[in-house]
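Summary of structural features
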Amino acid sequence: MTAFTESEERTELRKAVAKLAGKYGQEYFLAKSRSGEKTTELLLELGKNGYLGVNLPEEYGGGGGGLGDVMAVLEELGAAGCPMLLMVVSPAICGTVITKYGTQEQKQRWLPGIADGTGTMAFAITEPDAGTNSHNIITTARRDGDGWVLNGRKVFISGLDESTHVLVVARTEDAKTGKLKPCLFVVPTDAPGFEFTPIPMDFVSPETQFQVFIDDVRLPADALVGDEDGGLVQLFAGLNPERIMASAYATGMARFALARAAAYAKERTVFKAPIGSHQAIAHPLAQAHIQVELARLMTQKAAALVDAGDDFAAGEAANMAKYAAAEASCFAVDTAVHTFGGNGLTQEYGMGALIAGSRVMRIAPVSREMILNFVAMHSLGLPKSY
């Protein structure tokens with residue numbers, strides 16, 4: 001089998017997820033989003049069929065696959081009009097970190113719920129004052145007897161109202177140097193002192209964004225995931241999957257938009273022939289399709305590197321994939337909206353709802369400018385600029 005084709009198993013996985021998601025579709029997804037409801041039925045059906053935790057170990061209720069498998073699930077959901085943001089954070093970020101660095105007891109406690117959707121776990125790293133510089137996070141964890149006490153703030157944290165726990169990135173103090181270092185803690189979302197309020201967004205999604213206030217939240221010793229001295233290595237075990245899943249989210253959305261636009265362009269007739277016969281319509285759609293396919297290939301490469309354990313190469317590929325997918329998604333959605341003309345901004349056709357979703361991919365989970373900084377420095381060996 002040639003190296004750039006996916007396995008037969010993954011191809012079948014894609015077909016099965018596409019079939020399941022097709023039962024719901026964008027109409028269901030947008031209706032839930034606009035009414036303030038959740039897509040719980042879809043999430044639980046994904047879990048029941050083994051798709052939600054396909055990347056997690058079988059002994060903890062997962063499918064025993066890799067990041068490439070869960071990436072494929074998310075992409076197919078997006079291509080069916082149901083991009084599930086919680087899949088980025090729960091099975092991919094939190095599931096990967098706990099699988100890699102959690103104790104047996106931690107894995108047994110949290111992974112089955114992540115795998116079947118009954119114990120969704122959110123992820124909290126972003127802070128209001130740190131912005132793009134995650135080295136400047138101020139949420140701190142200090143030892144208190146056998147446990148920990150957390151204090152700080154977080155912002156733009158997805159799905160806390162649907163999650164039983166949240167994996168919080170905090171900083172502990174190094175006793176030797178006095179410097180602060182990142183550590184990961186699992187916090188129950190109903191813990192005393194842990195409060196969150198919704199942020200009104202123009203982004204049409206069933207997952208709500210929250211700002212979080214952490215005031216003297218007390219945690220047991222086993223809330224810490226991994227080694228207290230593990231530092232950035234443990235954190236990036238979750239951030240590379242985050243970038244790859246964001247890429248799948250973006251390319252899935254782009255595929256959905258292009259499929260709808262191409263179908264419309266074949267039928268809509270204004271000057272005697274279908275508008276798709278005019279190069280002003282056909283060429284941008286073809287360009288968008290090419291960009292999306294290139295981004296998909298890079299995303300598959302990045303996932304394969306993660307699954308092969310090549311973390312350094314995966315970091316470069318994950319950043320490149322996320323950059324390419326965001327650009328491709330923005331262009332594809334914009335081209336799709338333009339293909340529909342005025343209809344592209346009506347609720348009937350569902351294209352307008354994709355505009356904010358595609359645009360946010362240039363910002364989150366890491367901005368396009370920081371990716372360019374990373375590639376300039378690490379890939380090209382240029383001097384650090386920030």
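Scroll up a little and you will see the structure.
Read on for an overview of the structure.

As for the nonpolar core
Ranked by internal contacts, the top residues of the largest apolar core, which has 93 residues, are L42, L77, M87, F123 and L167. Setting aside residues up to four positions removed in sequence, L42 forms contacts with L20, Y24, Y28, L77, C82 and M84. Membership of the second largest hydrophobic core comes to 22 residues, among which are A124, W148, V166 and I214.

Topic: unusual backbone geometry
Cis geometry is adopted by the peptide bond preceding P365, which originates at A364 and carries an omega value of -5°. Tracing the backbone shows P365 in the loop between helix 10 (353-360) and helix 11 (368-379). Phi angles above zero are rare outside glycine, and F156 is one such case at about 55°. Among the secondary structure elements, F156 is positioned in strand 3 (residues 147-158). Unusually for a residue other than glycine, D216 sits at a positive phi of about 50°. Position of D216 relative to the elements: it lies in strand 7 (residues 209-219). Here D216 falls in the partly exposed class, since its relative accessible area comes to 45%.

Considering helix 9 (residues 311-340)
Over its 30 residues, helix 9 extends 42 Å from the first C-alpha to the last, a length consistent with the 44 Å expected when each residue adds 1.5 Å. Count one or two residues on from helix 9 and you reach G341, which has phi positive near 65°.

Here we look at the pairing of strand 1 (residues 121-124)
Residue alternation in strand 1 divides its side chains into two sets, M121 and F123 and A122 and A124, and both sets are buried. The pairing of strand 1 with strand 4 (residues 165-173) spans four bridges and is parallel. Within strand 4, the residue paired with F123 across the bridge is L167.

Let's talk about the environment of M377
Along the chain, the position of M377 falls in helix 11. Assessed through its relative accessible area of 21%, M377 is described here as partly exposed. M377 sits 181 residues away from F196 along the chain, and the two C-alpha atoms are 37 Å apart. Those residues within four positions of M377 in sequence are excluded, and the remaining contacts are L382, K384 and Y386.

Calculation notes
Residues numbered from 1 in each chain as written. Predicted model: local features only at pLDDT ≥ 70, side-chain atom pairs only at ≥ 80, totals over all residues. Heavy atoms only, no water. Core = buried A, V, L, I, M, F, W, Y, C linked by side-chain atoms within 4.5 Å. Buried < 20%, exposed > 50% of the residue type's maximum accessible area, 1.4 Å probe, protein only. Contact = heavy atoms within 4.5 Å. Helix = DSSP H or I, 4+ residues; strand = E, 2+ residues; numbered from the N terminus. Expected span 1.5 Å × (residues − 1). Pairing = 2+ DSSP bridges.

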